[in-house]
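Per-entry structural report
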Amino acid sequence: MPSYAEIMKLTGYRSKAAVHYAVNKLVENKFLKKDSTGRLTSDNLGKNLNEVKVLGLVEAGFPSPAEEELSDTMSLDEYLIENKEATYILRVKGDSMIEAGILEGDTIIVRKCEDASNGDIVVALVDEEEATLKRLRRRGDSIALEAANPAYETRIFGPDRVRVQGRLVGLLRRY
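If you're wondering where the values come from, they're calculated on a predicted model, not measured in any experiment.

**With respect to the confidence of the model for the chain**
When pLDDT is averaged along the chain, the result is 85, and 89% of the positions lie at 70 or above. Per-element confidence in the chain is highest for strand S10 (residues 142-146), whose mean pLDDT is 97, and lowest for strand S4 (residues 64-65), whose mean pLDDT is 60.

**A short note on the pattern of salt bridges**
Where side chains of opposite charge bring their charged atoms close, a pairing between them can arise. By the definition in use, this model includes eight salt bridges. The partner of Glu28 in a salt bridge is Lys25, with the nearest N and O atoms 3.6 Å apart. Of this pair, Glu28 and Lys25 both sit in helix H2 (residues 16-28), three residues apart, which is roughly one turn of that helix. For Glu28, a relative accessible area of 53% corresponds to the exposed category. When its relative accessible area of 32% is taken as the criterion, Lys25 is described as partly exposed. Where Glu146 meets Arg137, a salt bridge forms, and the shortest distance between an N and an O atom there is 3.1 Å. Taken together, the shared-partner salt bridges connect Arg137, Arg139 and Glu146 into one network.

**Details of the pairing of strand S9 (residues 130-139)**
Examined bridge by bridge, strand S8 (residues 121-126) and S9 share six bridges and lie antiparallel to one another. Bridge pairing in S9 links Val122 to Lys134. Remark: three residues form the turn of the hairpin made by S8 and S9, two consecutive strands paired antiparallel; Asp127 in that turn has positive phi of roughly 55 degrees. Pairing between S9 and S10: five bridges, direction antiparallel. Bridge pairing links Arg137 to Ala144 in S10. Turn length for the S9-S10 hairpin, with the two strands adjacent in sequence and antiparallel, is two residues, and the turn residue Gly140 shows positive phi of about 65 degrees.

**Let's talk about the environment of Ala144**
Its location among the elements puts Ala144 in strand S10. The contacts of Ala144, once residues within four sequence positions are left out, are Arg135, Leu136, Arg137, Arg139, Thr154, Arg155 and Ile156.

**Let's talk about the pairing of strand S7 (residues 107-112)**
The element S7 is extensively covered by neighbouring structure, given that five of its six residues are classed as buried. With five bridges joining them, strand S6 (residues 87-93) and S7 adopt antiparallel strand pairing. Its bridge partner lying in S7, Arg91 is registered against Thr107. In terms of strand pairing, S7 meets strand S12 (residues 162-172) through six bridges, oriented antiparallel. Considered in S12, the bridge of Val110 is made with Leu168.

**A short note on unusual backbone geometry**
Keep in mind that most residues, glycine aside, have a negative phi and that most peptide bonds are trans. Phi angles above zero are rare outside glycine, and Asp127 is one such case at about 55 degrees. With respect to the helices and strands, the residue Asp127 is situated in the loop between S8 and S9. Overall, the relative accessible area of 33% leaves Asp127 in the partly exposed class. One non-glycine residue, Glu128, adopts positive backbone phi at about 60 degrees. Mapped onto the fold, Glu128 is located in the loop between S8 and S9.

**With respect to the environment of Asn50**
Inspection of the secondary structure assignment puts Asn50 in strand S3 (residues 49-59). Residue class for Asn50 comes out partly exposed when judged on its relative accessible area of 23%. Not counting residues up to four positions away in its chain, the partners in contact with Asn50 are Met74, Ser75, Leu76, Glu78, Ile81 and Lys84.

About the thresholds
- Residues numbered from 1 in each chain as written.
- Predicted model: local features only at pLDDT ≥ 70, side-chain atom pairs only at ≥ 80, totals over all residues.
- Heavy atoms only, no water.
- pLDDT = per-residue confidence, 0-100.
- Helix = DSSP H or I, 4+ residues; strand = E, 2+ residues; numbered from the N terminus.
- Salt bridge = Lys/Arg side-chain N within 4 Å of Asp/Glu carboxyl O.
- Buried < 20%, exposed > 50% of the residue type's maximum accessible area, 1.4 Å probe, protein only.
- Pairing = 2+ DSSP bridges.
- Contact = heavy atoms within 4.5 Å.

Dropping the structure here:
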């Protein structure tokens, strides 16, 4: 395992105290372990990982033709997923969800489902051909797909035109 000085250099932390705090939080949340002498161990690294399918892109903008295409798999800790078979990953294209903290290029973790609660962020299939990432709102018999960017209008559909494909349960971002 790397030393605190090595972690500082690799992560850009400016003090060993900051590294110490971060490492203790990882230990506290059981992402890392320490042995009886207090040294970090690697005996829990690489365990509890599940391969999850990356199915391609989802528009966070104007809906685009839905195409499910297995492009890759990604290893995720079981902490991030409850059911490997009911989870998939998409990469985000577009800026309609920026005020919800979802940016173009982000990777989202989606749990397959056919229904969602008001306010949930979902992958929705419109007219069986266009997929989009939006916040779901039910308004009487209608379904509203709301963007989280004022540049985009809320789109309202009849219930037979929108099919929920999954609910957002996680987000990964590279800097």
